[in-house]
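One-letter residues, chain by chain:
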Amino acid sequence: MNTGRPAMWAALCALLLLLSSCGAAGVRQTDNPSAGTTATEPGSSGSPAANVTVTRDVGYESSSLNRLGTLDVYAPGQAGEWPVVVMFHGQPLTKSWLASHATRVAELGFVVFVPEWGQSGGPAYDALTMKDQLTADGVQSACAVAFAAERASEYGGDASSLTVFGHSAGGNIASVAVLGPPALSDGCLAREAPQVDTLVTWDADFLIITKAFGWDRFLAEDPSVMDTITPWAHLPPPSGMRFVMLQPDDSGEGRSATDARGPDGWLAARDPDGTVTSSLEAMGAFDDNFIAPDETDRTFGDALRASGFDASYATMPDSSHMNLSDAGWEVFLAAFEALQGS
């Protein structure tokens, strides 16, 4: 039985509350009416798609080990064949935390699906090992992407252009759902995994470098946990996929590198063949004895580019793991604007 994860998420939530009151600066949170309701939110950008219609709590599963998945849909008020974005929140946040992010991306001219994922469905889920819980989370997340692609046209979307985005742990689970999508479950209300064009992440921890929350213990007990929550085992990605990694300039995350290397170092379970360690060494990541998420993002980008894939990296100024400044918002939104018409 896994007894560590609920405590881990509780501790993380306490930390996030201290950092940011579990909300981003400037985020306009919205209510959650009953399932299937819609509302129109006025936009702020003055774009042709500025009025955004929001449909909340649309179910995308009929059965699940997780709590049954629901998602919110943010669609431009004008009819069209808009490109599609699926946005995964971090943990232990919920889909409402991405309300402003989704609204502002929809204002640019996208249909945006924001699924809830990774919540316990009850005793059967709670009794699973960490690896099996994460596997269930991946199955649920893959279902959300497939559902969004199949239902996009109902909201004016065209899933022939499909981007998946993830913040924090949402970036990790998104990378697995996109690069190594598990088979869709019988309870998924979609039947076919779609082709994803672009993966965009914000401060994902692709090496699970944090010392807190028990990851060292989980990985020591079962190193294959890495494969269920990080993209390394799922490379190379499908042909033609693009990658955009967004990092704040002051993440507030990271870990001492003093005890990182060697057979007993914390990198051993995360990087058994030493490839990532070599990449970190080449970029001078050990020079200050501290490994930060932007450095692990860069190792991921190095691996992608070495395989011939388009991987770009952008820094969001004056921003953190949870909060975007005005300048940070500009970089965040520019990443999506660049996808239009491409």
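Relevant structure appears above.
Novice: Lay out the pattern of salt bridges in plain terms, naming residues and giving numbers.
Specialist: Side chains that differ in sign of charge can pair as their charged atoms come close. This structure, assessed with the given rule, holds 8 salt bridges. In this structure, D216 and R270 form a salt bridge, with 2.7 Å as the shortest nitrogen-oxygen distance. On the criterion of sequence distance, the pair formed by D216 in helix α6 (residues 215-221) and R270 in the loop between β9 (255-256) and α8 (275-282) is long-range, its members being 54 residues apart. What makes D216 partly exposed here is its relative accessible area of 25%. Given the relative accessible area of 6%, R270 is considered buried. For R261, the salt bridge goes to E281, with nearest N and O atoms at 3.0 Å.

Novice: Provide a residue-level description of the environment of L246, including the pertinent values.
Specialist: Among the structural elements, L246 can be located in strand β8 (residues 242-248). Between the C-alpha atom of L246 and that of F332, which follows or precedes it by 86 residues, the distance is 7.3 Å. In contact with L246, other than residues within four places in its own chain, are V200, T201, W202, D203, D297, A314, M316, V331, F332 and A335.

Novice: Tell me about unusual backbone geometry, and name the residues and values.
Specialist: The step from Q91 to P92 runs through a cis peptide bond, and the omega angle for that step is 5°. Inspection of the secondary structure puts P92 in the loop between β4 (82-88) and α2 (99-109). P236 follows L235 through a cis peptide bond whose omega is -5°. Mapped onto the secondary structure, P236 falls in the loop between α7 (225-229) and β8. The backbone phi angle of D57 is positive, close to 60°, even though this residue is not glycine.

The rules behind these values
- Residues numbered from 1 in each chain as written.
- Predicted model: local features only at pLDDT ≥ 70, side-chain atom pairs only at ≥ 80, totals over all residues.
- Heavy atoms only, no water.
- Salt bridge = Lys/Arg side-chain N within 4 Å of Asp/Glu carboxyl O.
- Helix = DSSP H or I, 4+ residues; strand = E, 2+ residues; numbered from the N terminus.
- Buried < 20%, exposed > 50% of the residue type's maximum accessible area, 1.4 Å probe, protein only.
- Contact = heavy atoms within 4.5 Å.

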